[in-house]
Amino acid sequence: MASSASGQESDSEVSSDSDIEDLDDAYAEQHRPIAEQNGNDLVQTSKNGIATNQEVTANPNANVQEITDRIVTEALDPSAGETKVDISNPTGPVTIGPTIIIHQRGKPDADNIPPIVGDIIINQKIKQVTEDIRFYYQTNLIVLSPLPWVQLRPFDDDYFAELTIKQISNVGRDIKARKEFNFKEIFKDSESNHFRTCILVEGSPGYGKTTLARNIAVDWGRKADYVDKFKLVVFIYCRDLKGRTLEKYVAETFPMVENADKRVNLKDWFKVKQTILFILDGLDECSPADAQTINGLLNGNVYPGASILATTRPLGEDTMINHSQFSKNVAIKGFNRDQIERLIDHYFKDREGMGDLLKQKLFGGNQAYQQLVTCPLLCQLFCLLFDKDEQIPEKVTDVYYRLIQCLIRRERMTDGKLIPDENLPPRYEQALSNFGKVCIEALVKDKFYFTEDEILKVLPDMKHGHENVIMGFLVKSNVSISRSFFNNKDCYQPLHKTFLEFVAAFYLKGLVNSNEMERLKDELRCLQDIESSSLEQVLLYTVEMLANNAYHILNEIGDIIDLKSTGNLRLLNAAGCCDNNIKALTSVMDLQNVVVKSSLLEIDAWRNICVKSDVIKQLKFQWDPKCDSLREDKIVEFFNELKEKNKSIETIQLHMFHGEIKQRSDPNYEVQNEYFQKEVEQFGANIIKCMTKENLKSFEVDLQIIQLSEESNAEFVESVVEKIVKVFHVMSDRLSLVELKLNIDLGTSDLNNLVQAIIPCKSLRKFSLYRLCSEVEGFQALANLILEGNIRDLEISLNVTKYWRKMAGSIKKKFPLGSPGMFSDPMEKLGEEIFERTLKDSGETSAFDLDTHNVKASRKADNFIREIENILSEDEKLDLEEKSSIVVRNQLQEFCHIKLNSVICPLPVCNGHNGKASGFHCLFNALRDKRCKLERFYLDRCLLNKQAEYLSCLGEVILENKTLKTLKIDNILPDIDELKIQFAFPFFIGLQNNHSLTSLDLSSLRNITVDNTVFKVFCNSLSQNKTLKSLNLSSWKFELDLNETTTNSAQNFLEGTNLSDLCLEECEFNCIWVSETSSCIISEVPSLWYKLKGIKLVNTSIKTLNIGSIVIKVNEKTLTARDIVQMLEFKTLVELDVSEAPIISSPEAPIISSPQHQPVSDEMLISFFDSLRLNMANSIEILKMVNWKFKLVNMVESVGKLKPLMMSLSRLTTVSLNNVDFIHCRETNGPLEPLLLRSLIKYLPKLKHLSILRSKMSHEQVPTLVKALKYKVKKNDITLHTKHVTQEGLDELLNRLTKSKIVGFQYDNQTGVLGVFHPKAEPILKRMKSIKNIKISVFHE
């Protein structure tokens, strides 16, 4: 019969609880009629209160809300007298008083329960399950002392409340300088917005990440205020996911509910998913499969809107976790001195004087102590160890060793045994070492618990003084283990994961000490399968214990374990910087381009490497707001010792970047600005130390600050420039500096001051300015530097993005956001304003006689026209007259030019710039001065307006300059639809009279198109020049008629030039070939092929030819670079690049076949190698066929034809087949042997280098490759470049080479370079000695 009052009270509590408010809102859509409810038998109550057996069926038209209100009110209202609720069989006794009987036959039929009543029941269950989870967290996650005889930490909450968190970053907001807060404020920022909380908590081992996570869960269980907005907290140990979904993990690891009859169903909370908090402990321990599950949660693919708090050791760059989704990144800060002292006082509160004595030892002596005790776990362990014998260790590993010794000693004392104080007895040390191998296996499997049987297999003779503790650090545990497993067997976990890592390291140390190097290599290979942060921790403990002998480990890890440079540095810090350790580590590190961050974690190691090693030649130092302050003592000391003690580093780059600076109206502006100003001041101090360093040859300063206004960088830039100027003023005659690069927003005043300081410096030869923002006076100073200084190499670039905000603002006002009009302005408009700063009005240059200049310019133009007329045919000479102006895009532009057909061709004549003072004119004019010593000039994004006018000015200078050897122009040229302007024309006209230039790079002059007539002029000019050795015209377009005139012009150029290096990469040739016998265009492919084969272009000077990725269209028929090799009779060619353009594809966008990406057939391949044999067999040494796609059908037959062709290439030593798919390059059935690779290796007689970077190769193809290598090394060694080759193929290759006795090899894991060689035979006496020592078993017996 009825439920009791307690049941009523419970129901009342449920109905009024706030947890169901969300559901109340959902179903209280007021007064909606519902369909007839079948099977609901309601007992009607008579007026006298006696229930009758009359069934009352709900009227389909009745108001459901009224029925529900009546049921709930009468059932749950305590004022209703003797109200009773009977949920029973229909045959119950008659009850006096108002009674409601809900008849049930067996289990309730969910289909017959009104939806609203069902919601209430479901909500009651959710609330009860939630309460069960709260209780579970309070009892299972609370951090208690794990050892029965020692308290590792105080139990009161004050201890943990002291934990300090430092905010690293906050996505979407500015970085707050060193913001620190209590852990209970971690969710504070999210209260003021409607977005989910997504927090990443980083911390080193032992700093309390798991403790933090568990305490937050416990506090939620206790209904603490700071987590009261979360309806559910889901605590997940990431290492225990093991491929399970979130729902399955919760179901299998959370306690059973509803009388231990059901598992927790996470989907029950899906309606309130925005109020769920997922706590992910140990994000760094995720397997690849689990990382995908976590990323799904982070990306909002599952439980969108749910909040996340994840703990992790610092994540590496190669992490699979999508950490960009975290809105806040915080770090658990180590204890400060006050917190350390308070913990010590609390620990020794019952032992007067002990705490003071420990503090005296900690803070009055070794700095290493103070570093160690900032870690909360180690701080507590120090107290424990000091309590034992009033001694404290100096190393982390000593702390763990002595702690284990202490714990074992106390454990054994419980049964009357006494362990000596000094060291563990040998059998305990051996047991610890043996267990270390088990720890490695556990770390590999991500298994952090052991059964008693597993432990006793390794430690069979060990007796334990307490049933809950083994070896002092393995404690019986009841968390993070599945119930089914835990219920069957006792399980033990380490006090902390770091104990497993330490014991594993203890085992590795023993292998080194016992000289078991082969076993050591095997165990190190096993470490590759351990999660990266744990792997690094094991190695750190190992090398710290080995100290000066750590080089045995450091020598091996380069070939076995792929650590990042920061990991290597931490190893060196831990091991100690003795000569052997530094030599070993630097031998496996890539020290060609060293990048040092302003980080206290790695700066000590870099300091030692820089001071004690002479390997490093180049160093880049980086600072950004996420880094440690430049004013930290260790950072300051790094630069001090770099200056005083390093002699090897010749190139230094200092990089400083800051995101958007706050506006002055921002309340935090003063704090941020003051902090950054101090950092810039220290940055300047570091500049002085680096520039005055002995033997420094090249120095670069890169200062980038994102500002809301264009001029606000000035105060920071001025501070930095002032330091550079100071060095030159004081030490210009003593500096060894040869090259200075400044990536700084330099204005006129700063540039003037800088140049004046540089001029007296005798050593400086190269000066690069990457973001110039100067007026005419600054360029006049640069011109003065060219004439009076010792500069030989000048590179300048304007700050193109200086005024992008202003331009963007005007576009937004002019066009609606996102409209096509926003993108209507051409790209070159972006730099017009910065270019205008380089000009001044005519009033500034009144001394300039424009009329006289125009007369001289006209005379020069006439001379050029006559020279051009001598090249052209009579038909092409029409309308050859000099013009001085033209309308371009509705604007009048003034420059001397002629028109060839329909193409505007500027002449190399300066027009005086209409009397305006021009910064670039001043600069160019200095190049023609006899005092000029400049040899290399590089203009990068400088001529951002009036390009034709200023290229004409520069072209005139090229004619008269006697010193320039290298000229490079990198400029965006306007793509004008209504006009064709040949911007490069002034350079080629001037070339025929230039006798100093050896290298001309115009590859970055975009939108260049060359037609028949211009091609003819260019070829003639190039044939007349005898000094040019290198020409780069990459990405140019040519529109030519393939007639006798064009062919003769090309041949004239090739026969007359002295070029040795010609680059036409990515050029596009659109050619038309008209039949000689008719007026129709040749379209038949055989005829076209025959005609091309008949053309021979002969050259005897070019040694390097790059025609990679070119596209040739002849009468709309597409050809590639390999197709025209048959035309090139280049007798001295050494290097040929006929690579194809890469095909970018993805699963979403598969490869689409195009004419220029047609695969290479057997016939094409044979024809290509036959062309090499005929045209360049006796000279070619390097051949590049990158990105080739093959479709070989008759490869077995083709190999026979390729063999004599390949054998004829007697000088070919290097072949590049990067990014080639050797798996699918054949269309035949049967084994897909790499016959092309085999042929190249076997039949090229001098092959020494074969590059197959990023290529695809299966493990089944490896045997054929190995056989070819064995054949090859009998004649000469060979080097394969295998970086990013398909992993299974590469692994099989290395495995087979390891087993081979015929070949030897060396493999560099970092570069992917595989050297294969024939092993040298041992001396005869050594072999005889080894034979003598062989024991034949039958005789020995």
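Please read these numbers as outputs of a predicted model, since none were measured by experiment.

## What about the overall build of the protein chain?
Counting secondary structure elements, the protein chain contains 44 helices and 48 strands. Looking at the 1341 residues of the protein chain, the share that counts as buried comes to 51%. Here the protein chain has roughly 62900 Å² of accessible surface; of this, 49% comes from carbon and sulfur atoms.

## With respect to the sheet that holds strand S24 (residues 883–888)
Ordered by their spatial adjacency, four strands build an open sheet running S24-S25-S26-S30, and the pairing between neighbours is mixed. Edge positions in the sheet fall to S24 and strand S30 (980–981), since each of these pairs with one other strand and no more. The pairing of strand S26 (residues 903–906) with S30 spans two bridges and is classified as parallel. If you follow isoleucine 904 over to S30, its bridge partner there is isoleucine 981.

## A word on unusual backbone geometry
If you check the backbone angles, lysine 223 has positive phi at about 65° while not being a glycine. Here lysine 223 is to be found in the loop between helix H6 (209–221) and strand S8 (232–237). In this model, asparagine 695 sits at a positive phi of 75°, which is unusual for a non-glycine residue. Position of asparagine 695 among the secondary structure elements: in the loop between helix H25 (669–691) and strand S19 (698–705).

## Topic: the pairing of strand S39 (residues 1111–1114)
As paired strands, strand S36 (residues 1068–1072) and S39 are joined by four bridges and run parallel to one another. The partner of cysteine 1071 across the bridge, within S39, is valine 1114. Note: S39 against strand S40 (residues 1117–1119), three bridges, orientation antiparallel. Across the sheet, the residue bridging to valine 1114 is lysine 1117, located in S40. Counted between consecutive antiparallel strands, the loop separating S39 from S40 contains two residues, among which asparagine 1115 sits at a positive phi close to 50°.

## Considering the nonpolar core
Phe920 and Phe1169 are the most contacted members of the largest nonpolar core, which totals 378 residues. The element contributing the most residues to this core is helix H17 (residues 497–513), with 11 residues. Among residues more than four places away in sequence, those in contact with phenylalanine 920 are Phe779, Ile796, Leu798, Phe835, Thr838, Leu939, Cys942, Leu943 and Tyr950.

## Quick look at the pattern of salt bridges
Here the structure, examined in full by the defined rule, presents 39 salt bridges. Two residues, glutamate 956 and arginine 928, come together in a salt bridge whose shortest N-O distance is 3.6 Å. Placement of glutamate 956 in helix H33 (residues 947–960) and of arginine 928 in the loop between helix H32 (919–927) and strand S28 (936–940) is noted, with a sequence separation of 28 residues between them. For glutamate 956, a relative accessible area of 3% corresponds to the buried category. On the accessibility criterion, arginine 928 (23% relative accessible area) is partly exposed. Here arginine 1122 makes a salt bridge to glutamate 1140, at a shortest N to O gap of 2.0 Å. With a gap of 18 residues between them, arginine 1122 in the loop between S40 and strand S41 (1128–1130) and glutamate 1140 in the loop between strand S42 (1135–1137) and helix H38 (1162–1176) connect regions that are remote in the sequence. Comparing arginine 1122 with glutamate 1140, the two get one shared label, buried.

## Some thoughts on the packing of H38 against helix H39 (residues 1195–1207)
Relative orientation of the contacting elements H38 and H39 amounts to 5°, with a least axis distance of 9 Å. In terms of orientation, H38 lies roughly parallel with respect to H39. In contact with Asp1162, Leu1165, Ile1166, Phe1169, Asp1170 and Arg1173 of H38, H39 contributes Met1195, Ser1198, Lys1201, Leu1202, Leu1205 and Met1206. A breakdown of the residues in the contact of H38 with H39 according to their chemical character gives seven nonpolar, one polar and four charged.

## Re the confidence of the model for the protein chain
For the protein chain, the average pLDDT comes to 78, and 75% of its residues sit at 70 or higher. Throughout residues 1146–1153 the model reports pLDDT below 50, and contacts reaching past four residues in sequence, or to other chains, amount to four contacts. Low confidence marks residues 1326–1341, where pLDDT is under 50. Its contacts with residues over four positions away, or in another chain, come to two contacts.

## Focus: the sheet that holds S40
The mixed open sheet is built from five strands, whose spatial order is S32-S34-S36-S39-S40. Edge strands, defined here as strands with exactly one partner in the open sheet, are strand S32 (1009–1010) and S40. By the bridge criterion, two bridges tie S32 to strand S34 (residues 1037–1041) in an arrangement that is parallel. Bridging from a neighbouring strand, valine 1010 pairs with phenylalanine 1038 of S34.

## Some thoughts on the environment of glutamate 660
When you line up the elements, glutamate 660 lands in the loop between strand S18 (651–658) and H25. With 46 residues separating them in the primary sequence, glutamate 660 and isoleucine 706 have C-alpha atoms 4.5 Å apart.

## Overview of helix H40 (residues 1235–1243)
With seven of its nine residues buried, H40 lies for the most part within the structure. Among the residues of H40, Leu1235, Leu1236, Leu1237, Ser1239, Leu1240, Ile1241 and Tyr1243 are the ones counted as buried. In this structure, the buried residues of H40 make contact with H38, H39, strand S44 (1214–1216), strand S45 (1249–1251), helix H41 (1262–1273) and strand S46 (1278–1281).

## Looking at the packing of aromatic side chains
Counting across every chain of the model gives 35 aromatic pairs. An aromatic cluster is built from Phe985, Phe988, Phe1015, Phe1018, Trp1036, Phe1038 and Phe1069, whose rings are joined through pairwise contacts. Above the plane of the ring of tryptophan 1188 lies arginine 1122, whose end atom (NZ or CZ) is 5.3 Å from the centre.

## Remarks on the pairing of S28
Here S28 lies mainly inside the structure; four of its five residues are buried. As paired strands, strand S22 (residues 793–798) and S28 are joined by five bridges and run parallel to one another. Paired with isoleucine 796 across the strands is leucine 939, a residue of S28. As defined by bridge partners, S28 adjoins strand S29 (residues 966–971) across five bridges and the pair is classed as parallel.

## Description of the side chain of serine 918
By the secondary structure assignment, serine 918 is in strand S27 (residues 917–918). Given a relative accessible area of 2%, serine 918 falls into the buried group. Of the polar contacts made by the side chain of serine 918, one reaches the side chain of tyrosine 950; its length is 2.9 Å. If we skip the residues at most four places from it in the chain, serine 918 touches Val776, Thr838, Leu839, His913 and Tyr950.

## A short note on the environment of leucine 508
Within the fold, leucine 508 resides in helix H17. In this structure leucine 508 comes out as buried when scored by relative accessible area, which is 0%. Put simply, leucine 508 and isoleucine 553 are 45 residues apart on the chain and 9.1 Å apart in space, counted from C-alpha to C-alpha. In this structure, leucine 508 is in contact with Ile440, Leu520, Glu523, Leu527, Val538 and Thr542, ignoring residues within four places of it in sequence.

## What about the packing of helix H23 (residues 603–612) against helix H24 (residues 633–645)?
Running from amino to carboxyl end, H23 crosses H24 at an angle of 5°, the nearest separation of the two axes being 9 Å. By the angle between their directions, the pair H23 and H24 is classed as roughly parallel. Across the interface between the two elements, Ile603, Asp604, Trp606, Arg607, Cys610 and Val611 from H23 touch Lys634, Ile635, Glu637, Phe638, Glu641, Leu642 and Lys645 from H24. Grouping the constituent residues of the contact of H23 with H24 by class yields seven nonpolar, no polar and six charged.

Calculation rules
- Residues numbered from 1 in each chain as written.
- Predicted model: local features only at pLDDT ≥ 70, side-chain atom pairs only at ≥ 80, totals over all residues.
- Heavy atoms only, no water.
- Helix = DSSP H or I, 4+ residues; strand = E, 2+ residues; numbered from the N terminus.
- Buried < 20%, exposed > 50% of the residue type's maximum accessible area, 1.4 Å probe, protein only.
- Areas by Shrake-Rupley, 256 points an atom, 1.4 Å probe, with all protein chains shown as cover.
- Pairing = 2+ DSSP bridges.
- Core = buried A, V, L, I, M, F, W, Y, C linked by side-chain atoms within 4.5 Å.
- Contact = heavy atoms within 4.5 Å.
- Salt bridge = Lys/Arg side-chain N within 4 Å of Asp/Glu carboxyl O.
- Axes fitted to C-alpha atoms, helices over the stretch in contact; angles between N-to-C directions.
- Parallel < 35°, antiparallel > 145°, perpendicular 65-115°, else oblique.
- Nonpolar A, V, L, I, M, F, W, Y, C, P; charged D, E, K, R; others polar.
- pLDDT = per-residue confidence, 0-100.
- Phe/Tyr/Trp six-rings, centres within 6.5 Å; stacked < 30°, edge-to-face > 60°.
- Lys NZ or Arg CZ within 6 Å of the ring centre and 35° of its normal.
- Polar contact = N/O pair within 3.5 Å; in protein donor to acceptor, adjacent residues only side chain to side chain.

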